[in-house]
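Residues per chain are reported as follows:
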Amino acid sequence: MYKTLLTIIFIASMPMIVQANNLEKGKVVTPVTVTNKGELILNNGSINYQSWRSTQLTGKVRIIMAIAGRSSAKKINANLIKAISDAHFPESKYQTTTIINQDDAIWGTSGFVKSASEDSKKQYPWSSIVLDSNGIVQRTWSLQKENSAIIVLNQKGQILFQFEGQLNHQQIKQVITIVKKNL
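From a predicted model like this one, the values you see are computed outputs, not experimental measurements.

S.K.: Would you take a moment to explain the overall build of the protein for this structure?
M.R.: Counting secondary structure elements, the protein contains six helices and seven strands. Secondary structure of the protein in N-to-C order comes out as α-β-β-β-α-α-β-α-β-α-β-β-α. Considering the protein as a whole, with its 183 residues, one finds that 43% of them fall into the buried category. When the accessible surface of the protein is totalled, it reaches about 10600 Å², and 54% of it is carbon and sulfur.

S.K.: Is there a simple way to explain the packing of helix H3 (residues 78–87) against helix H6 (residues 169–182) in this structure?
M.R.: Helix-helix packing: each pair is described by the crossing angle between the helix axes and the interaxial distance. Where H3 meets H6, the axes come as close as 10 Å, and the angle between the chain directions of the two elements is 35°. In the packing of H3 onto H6, the handedness of the crossing is right-handed. Contact residues: Asn79, Leu80, Ala83, Ile84 and Ala87 in H3; Ile172, Val175 and Ile176 in H6.

S.K.: Please explain H6 as it appears in this structure.
M.R.: One full turn of an α-helix is made of 3.6 residues, so residues set three or four places apart face in the same direction. An ideal rise of 1.5 Å per residue puts 20 Å on 14 residues; H6 measures up with 20 Å between its terminal C-alpha atoms. Looking at H6, one finds that the buried residues are Gln171, Ile172, Val175, Ile176, Ile178 and Val179. Summarising the axial view, the buried residues of H6 lie within an arc of 155°, below the 170-degree limit, and thus occupy one face. Exposed residues pointing more than 90 degrees away from the buried face of H6 are listed as His169, Gln170, Lys180 and Lys181. Next to the buried residues of H6 lie strand S3 (61–68), H3, strand S4 (94–101), strand S6 (148–153) and strand S7 (159–164).

S.K.: Where do I start with helix H4 (residues 110–123) in this structure?
M.R.: Taking 1.5 Å per residue as the helical rise, H4 with its 14 residues ought to reach 20 Å, and the 20 Å between its terminal C-alpha atoms agrees with that figure. For H4, the complete set of buried residues consists of Val113, Ser117, Glu118 and Lys121. All buried residues of H4 fall inside an arc of 130° around its axis, so they share one side. Of the exposed residues in H4, those oriented more than 90 degrees away from the buried face are Phe112 and Gln123.

Thresholds, definitions, all that
- One numbering rule holds for all chains: residues counted from 1, following each sequence as written.
- Two thresholds apply to this predicted model, a pLDDT of at least 70 for residue-level local features and 80 or more for giving and counting side-chain atom pairs, whereas whole-chain, interface and lining totals are computed over all residues.
- Side-chain calculation: all heavy atoms of the structure are included, whereas hydrogens and water are not.
- Helix numbers and strand numbers start at the N terminus; a helix is a DSSP run of H or I with at least 4 residues, a strand a run of E with at least 2.
- Accessibility here uses a 1.4 Å probe with only protein chains present; expressed as a share of the type maximum, an area under 20% marks a residue as buried, one over 50% as exposed, and anything in between as partly exposed.
- The protein chains shown are the only cover counted for residues, whose accessible areas, like all others here, come from Shrake-Rupley with a 1.4 Å probe.
- Angles shown run from 0 to 180 degrees and are taken between the N-to-C directions of axes, each axis being a line fitted to C-alpha atoms and, for helices, limited to the stretch in contact.
- Should the near helix be turned anticlockwise from the far one by less than a right angle, the crossing is left-handed, and should it be turned clockwise, the crossing is right-handed.
- Here a residue-residue contact requires only that any non-hydrogen atoms of the pair lie within 4.5 Å.
- Expected span of a helix: the number of residues minus one, times 1.5 Å.
- Think of it as the arc spanned by the lines of direction from the helix axis to the C-beta atoms.

Here you go:
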């Protein structure tokens, strides 16, 4: 009886044990700076890195995709990426920012993650890509490892939507609607 009661209490408290992120609707993201690697800058076909700060996330409506440096994390929200592409948001008012946690790569693949990030920047030069080799964004924002987080910000950098994991069809429609409404 005692063991059964302890098991029930443990199972009931599981949701409280799982650490939630610290992203709160209506607030700005906790300030963070990525200095080891950082934002990929394309210059005459060459990739350079510059320090990136979350305070740069103002001025445009943004969808932030904070993903683990794993192909499985990239695939989690592939349907959202297609929906963003299909929406044809104006570049003057909208920006997607992809933050790749290279520290959360499968052992031995961090070089591949870096190379794939650089290839993506060359293929989509207008995109904003941040390579976070130390996982500082994931730790600062308390994001889940091995996952994908989607965060929508307004032009002031305030959080309008946030979710970790795979968005369902309704959530994808919600994200696109939120962006359109705030352009």
